[in-house]
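# Descriptive structure summary
In case you want the letters, here they are:
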Amino acid sequence: MSVAPKTVLCIHDLPGFGRAGLSVIVPILSAIGVQAVALPTAVLSTHTGGLGAPARLSSPGYGPAALAHYRRLGIRFDCIYSGYLSEPEQALLVEQAMEYWPDALTVVDPVMGDNGRMYSGLAQEMVPALYTLCSKADMILPNATEAALLLGEPLPAPGAVTPEAAAAAAERLTRVCPQVLLTGVTAGHSIVCAGADKNGAAYTVRTPLIPRLFHGTGDIFGAVLVGRLLQGNVPEAAAQAAAVFVGDCLRATPEGADERLGVWLESVLGRLVPNI
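Remember, predicted model here, so these are calculated numbers, not experimental data. (Residues numbered from 1 in each chain as written. Predicted model: local features only at pLDDT ≥ 70, side-chain atom pairs only at ≥ 80, totals over all residues. Heavy atoms only, no water.)

## Focus on the overall build of the protein
- Scanning the protein from terminus to terminus reveals 8 helices and 11 strands.
- Computed over its C-alpha atoms, the radius of gyration of the protein comes to 17 Å, within 12% of the 19 Å expected for a compact globule of 276 residues.
- In terms of principal-axis extent, the alpha carbons of the protein reach across some 50 × 45 × 40 Å.
- Residue burial in the protein is summarised as follows: out of 276 residues, 51% are buried. (Helix = DSSP H or I, 4+ residues; strand = E, 2+ residues; numbered from the N terminus. Rg over C-alpha atoms; globule rule 2.2 N^0.38 Å. Buried < 20%, exposed > 50% of the residue type's maximum accessible area, 1.4 Å probe, protein only.)

## Observations regarding helix α3 (residues 89-100)
- Its 12 residues give α3 an end-to-end C-alpha distance of 17 Å, which sits within 8% of 16 Å, the value for a rise of 1.5 Å per residue.
- In this fold, the buried residues of α3 make contact with β1 (7-17), β2 (35-46), α2 (62-73), β4 (79-82), β5 (105-108) and α4 (126-135). (Expected span 1.5 Å × (residues − 1). Contact = heavy atoms within 4.5 Å.)

## A word on the packing of aromatic side chains
- One pass over the full model with this rule turns up 3 aromatic pairs.
- Plain terms: the ring middles of tyrosine 70 and phenylalanine 77 are 5.9 Å apart, the flat faces sit at 75° to each other, and that makes the pair edge-to-face. This pair shows no difference in class: tyrosine 70 is buried, exactly as phenylalanine 77 is.
- Between the aromatic rings of phenylalanine 77 and tryptophan 101, the centroid separation amounts to 4.8 Å while the plane-to-plane angle is 85°, which identifies the pairing as edge-to-face. Residue phenylalanine 77 is located in the loop between α2 and β4, and its partner tryptophan 101 is located in the loop between α3 and β5; the two are separated by 24 residues in the primary sequence.
- When its relative accessible area of 3% is taken as the criterion, phenylalanine 77 is described as buried.
- Joined through ring pairs, the aromatic side chains of Tyr70, Phe77, Tyr100 and Trp101 make up one cluster. (Phe/Tyr/Trp six-rings, centres within 6.5 Å; stacked < 30°, edge-to-face > 60°.)

## Here we look at the pairing of β5
- Bridge count between β4 and β5: 4 bridges; the pairing is parallel. Residue pairing in the sheet places serine 82 in a bridge with valine 108 of β5.
- Where the polypeptide runs from β4 across α3 and back to β5, its parallel neighbour, the crossover connection is right-handed.
- Two strands pair when backbone bridges link them, and β5 and strand β8 (residues 139-140) are joined in this way by 2 bridges, in the parallel orientation. The residue bridging valine 107 from the neighbouring strand is methionine 139, located in β8. (Pairing = 2+ DSSP bridges. Right-handed = clockwise from strand over helix to strand, strands pointing away.)

## A short note on the state of the cysteines
- By the definition in use, this model includes 0 disulfides.
- Cysteine 10 forms no disulfide, and the closest cysteine sulfur to it belongs to cysteine 79, at a distance of 7.6 Å.
- For cysteine 10, a relative accessible area of 0% corresponds to the buried category. (Disulfide = S-S within 2.5 Å.)

## Side note on the pattern of salt bridges
- A full pass over the atoms with the stated rule returns 8 salt bridges.
- The closest approach of N and O atoms between arginine 260 and aspartate 258, which form a salt bridge, is 2.8 Å.
- Take arginine 260: its relative accessible area is 37%, and that puts it in the partly exposed class.
- The exposure class assigned to aspartate 258 is partly exposed, which follows from its relative accessible area of 31%. (Salt bridge = Lys/Arg side-chain N within 4 Å of Asp/Glu carboxyl O.)

Written out as structure tokens, the structure reads:
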């Protein structure tokens, strides 16, 4: 007897060109065997990283109307996974989804900045809005810059965060959210993720550093993590699988490829498909 796939409500941006946001999240979850329901926070001609000012399709009423429609249909979501939010009001949209489906696993990537600065175009009001959202989530996936913003601490200089400092920041963030995975810390020839939970458990995931910077790799990491969690993996194993797949994507991308366009994940998606 076939078992219905797990279903994830993915509340992220949708760029048409450039491998980021929902354009990578949906195929990754599908490859893993998880049904992805896309709820775009912004529809863009490209992602916002270095490709010029994108064309935008804006419909502020769409998100609440979509949630109401899904609720009328009686859809059950096993997970609510949110990422880039373009304005503070969209954090309220994610909170509304959490209220409609209180039994769903809630994973929040508090996208605000990286390398010691906030992303351009985001208002300072995003910080308290995402702090409140993170306080209602089951798990959050900040990088070191976002961790500092959530904690109200000085923003770290690029490359200045050690694995020990990342682990300590993750532990402090468990006062906000019960499960924290701080991502993307460089340490020598490794890339490190530091996990912590409110019960005092901690873990570190290390994978070989591939010194190339591509847009969208955080979304790829988060999508694989969510998919593996829904398959029953513990957070450490899910994080390890996500980090390994990002490395696979980087290695599949030729030297000299335009980093603005994201990694060439198409050739390695098959590695996520469950054995039949």
